[in-house]
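Here is how the chains run, residue by residue.
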Number of protein chains: 2
Amino acid sequence: MDAVEIVEVAPRDGFQPIGPWIPTATKIDFLRRLAATGLRRIEIGSFVSPTAIPQLRDGAALVEAAAAIPGLRPQVLVPTAKRASEALAAGARFLVYVLSASESHNRSNVRRSVAESVEDYARMLDALPADAELRLNLATAFDCPFEGRMPVGPVLDLIRRLAALRPDIEICPCDTTGRATPDHVAALVAAARACCPEVTAWAYHAHDTYGLGLATTFAAYQAGVRVFDAAAGGLGGCPFAPGATGNVATEDVAWMFGRMGIATGVDVTALLPVAADAAALPGASSGGRARVALLSATERCAAG
Amino acid sequence: MDAVEIVEVAPRDGFQPIGPWIPTATKIDFLRRLAATGLRRIEIGSFVSPTAIPQLRDGAALVEAAAAIPGLRPQVLVPTAKRASEALAAGARFLVYVLSASESHNRSNVRRSVAESVEDYARMLDALPADAELRLNLATAFDCPFEGRMPVGPVLDLIRRLAALRPDIEICPCDTTGRATPDHVAALVAAARACCPEVTAWAYHAHDTYGLGLATTFAAYQAGVRVFDAAAGGLGGCPFAPGATGNVATEDVAWMFGRMGIATGVDVTALLPVAADAAALPGASSGGRARVALLSATERCAAG
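Computed from a predicted structure; not experimentally measured.

## As for the pattern of salt bridges
Argument step 1. Under the defined criterion, the tally for this structure stands at 44 salt bridges over all chains.
Argument step 2. B:E43 is the salt-bridge partner of B:R12, the closest N and O atoms lying 2.6 Å from each other. Of the two residues, B:R12 sits in helix α1 (residues 10–14) while B:E43 sits in strand β2 (residues 41–46), which places them 31 residues apart along the sequence.
Argument step 3. Its relative accessible area of 0% is what places B:E43 among the buried residues.
Argument step 4. As a salt-bridge pair, B:D143 and B:R179 come within 3.6 Å of each other at their nearest N and O atoms. Note that B:D143 is positioned in strand β6 (residues 143–144) and B:R179 in the loop between β8 (170–173) and α8 (182–195), a separation of 36 residues in sequence. Of the two residues examined, B:D143 and B:R179, each falls in the buried class.
Argument step 5. By sharing partners, the salt bridges in this structure join A:E5, A:R41, A:R73, A:E133, A:R135, A:E170 and A:D229 into a single network.

Written out as structure tokens, the structure is:
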């Protein structure tokens, strides 16, 4: 079985919906503790509108702090070429450019059509320094909160257009709403790999909103993906929908792969208290199961 | 895509660990409400030691009440031929005989070796009336709380021996501890179907302790299983381990299959308030995600 890489996204996707301000020092402490569990890639923040997402307004400070954590490959999310420039100016060297497969979600996020975002992406590519790494996140690749289920064909066309602009990067179809089913994920990934063999790597980003986070993560693995986003404590959700669940939990993903004999490099036992502290942040919605199971005596009294 | 059948086990596996007594009338009300959502098969209770599991001591009353619910096929769990006789005497006509694949779990449950339980099962078969239906549950088919991971080979040998005694029944390997991974479930089911083609039907029983309930349920579906156990509200767990999660939630399983275009016959929207009431029972541990997602406005504000 091949090894996999887990990309820890709690500091970005997980902290993003949390209302109460998390002090920058607390965030840096989480980065250090997460890195100490063996997580090498962490999405440490975003360069986005501080009005839209005030929680992530300290991206520059986090870039600086992350550079001092040994062995860490910090990545930051950017939704436009303009924000990419800001991230690069702050010292970021691993950018995650995000655009949405669905028109209405892209408009809602960046007030642009998908075609305009593709042009903007091309502009960013032209200006990208040679020493910068890049990943492309494709939000709403399976389902859109406004348009519903996304058919594979048009999403595949978009991936083909984006891959043609620059194939030597990692492309990550994202299940933004958590409504992707394993068959859907397997179908899109298999088709994308077949149509764009020149793409260097494929990643997958699961939400666990309907409990399908591990099912779709495993489906993506079976279809050839080896890089998976996850958030410690299953953080995420939406500040306006109490109880809504977020990203698939890092500890669940690491436990599943570990149990299958697939190396992740993550020390699940060391991760549990970090995940528990993330889940206990004021205003956080948490999720995941392995944490509760492993911190309790469940396996001693399972009876039926 | 083939249709699937969901067997609702909340009234048995879900209620079993709940300490505070659930009045028989409340249980009967749940049976009626669950049946009204389209669930045709419900595991309504057990015939087991009332000292060991006091919550399930009203099996006979539930058998009588369930017979009056139109369209319902009630099944009851029995761990011995003696309890099977009691269940039949009370009017039950669909028995689920359970034994464990692991010696230590079987001893812990029924104070017998696996070989002794196989003999007891054979005795029960000899005494079974022609009008009685039967399912065979194989607990700890993947993992045992005492012995750890169960290798496929010996479990397959046990299934072969049991199937030889009577092939025209449904056999259900159970992930008792929730530690089965999708590759493991797929491997055992595929091997069992190949070695015992005479077995009428295969079922699968998932726990969601580590978040793998839907992943293994889907893996079993891909391997050919069409009957799935699940508990409304994700009830289950252990009264001595607060927060421990239980069976995979019926609403999650029904939502996943429905989303894939696979008919379950279950009205998920109608099930949600029943699942919520089950989750709110005093002393209950609940789980599942679809309920929270569908009862909140999650899909309106998913943003990343």
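## Thoughts on the pairing of β2(B)
Residues and elements named next belong to chain B.
Argument step 1. Burial analysis of β2 places six of its six residues in the buried class, which makes it a mostly covered element.
Argument step 2. Here strand β1 (residues 5–8) runs beside β2; their pairing, made up of two bridges, is parallel. From the neighbouring strand, V7 faces β2, where its bridge partner is R41.
Argument step 3. Here β2 pairs with strand β3 (residues 73–78) via five bridges, running parallel. Residue pairing in the sheet places G45 in a bridge with V76 of β3.
Argument step 4. Once the chain exits β2 it traverses helix α3 (residues 59–67) before rejoining the sheet at β3, and the crossover so formed is right-handed.

## Considerations on helix α10 (residues 250–259) of chain B
Three- or four-residue spacings in an α-helix give side chains the same orientation, since the helix completes a turn every 3.6 residues.
All names here are of chain B.
Argument step 1. Counting buried residues in α10 gives nine out of 10 residues, a clear majority hidden from the surface.
Argument step 2. For α10, the complete set of buried residues consists of T250, E251, D252, V253, A254, W255, M256, F257 and R259.
Argument step 3. Trailing α10 by a residue or two, G261 shows a phi angle of about 80°, which is positive.

## Quick notes on the packing of aromatic side chains
Argument step 1. The full count for this structure, using the stated rule, is 12 aromatic pairs over all chains.
Argument step 2. By way of ring pairs, the aromatic residues A:Y221, A:F228 and A:F257 are connected into one cluster.
Argument step 3. In this arrangement the basic side chain of B:R226 is found over the ring face of B:Y221, its NZ or CZ atom lying 3.8 Å from the centre.

## Re the state of the cysteines
All names here are of chain B.
Argument step 1. Tallied over the entire structure, the rule returns zero disulfides over all chains.
Argument step 2. Lacking any disulfide linkage, C172 is separated from the closest cysteine sulfur, that of C174, by 4.1 Å.
Argument step 3. C196 takes part in no disulfide bond, and the closest cysteine sulfur, belonging to C195, lies 3.1 Å away.

## Let's talk about unusual backbone geometry
Residues and elements named next belong to chain A.
Argument step 1. A positive phi angle is found at R111, which is not glycine, with a value near 55°.
Argument step 2. Locating R111 in the fold gives a position in the loop between α5 (103–110) and α6 (114–127).
Argument step 3. Residue classification places R111 among the exposed positions, given a relative accessible area of 74%.

## What about the sheet that holds β1(B)?
All names here are of chain B.
Argument step 1. Taken together, eight strands build a closed barrel; the order of strands is β1-β2-β3-β4-β5-β8-β9-β10 and the barrel is parallel. The mean inter-strand angle of the sheet, taken between neighbouring strand axes irrespective of direction, is 25°.
Argument step 2. With respect to the sheet, helix α6 (residues 114–127) is in contact with β4 (94–100) and β5 (133–139), its orientation differing from that of β4 by roughly 165°.

So, how was this worked out
- Residues numbered from 1 in each chain as written.
- Chains lettered and ligands numbered in written order.
- Predicted model: local features only at pLDDT ≥ 70, side-chain atom pairs only at ≥ 80, totals over all residues.
- Heavy atoms only, no water.
- Salt bridge = Lys/Arg side-chain N within 4 Å of Asp/Glu carboxyl O.
- Helix = DSSP H or I, 4+ residues; strand = E, 2+ residues; numbered from the N terminus.
- Buried < 20%, exposed > 50% of the residue type's maximum accessible area, 1.4 Å probe, protein only.
- Pairing = 2+ DSSP bridges.
- Right-handed = clockwise from strand over helix to strand, strands pointing away.
- Phe/Tyr/Trp six-rings, centres within 6.5 Å; stacked < 30°, edge-to-face > 60°.
- Lys NZ or Arg CZ within 6 Å of the ring centre and 35° of its normal.
- Disulfide = S-S within 2.5 Å.
- Axes fitted to C-alpha atoms, helices over the stretch in contact; angles between N-to-C directions.
- Contact = heavy atoms within 4.5 Å.

Just distances and angles here, no functional claims.
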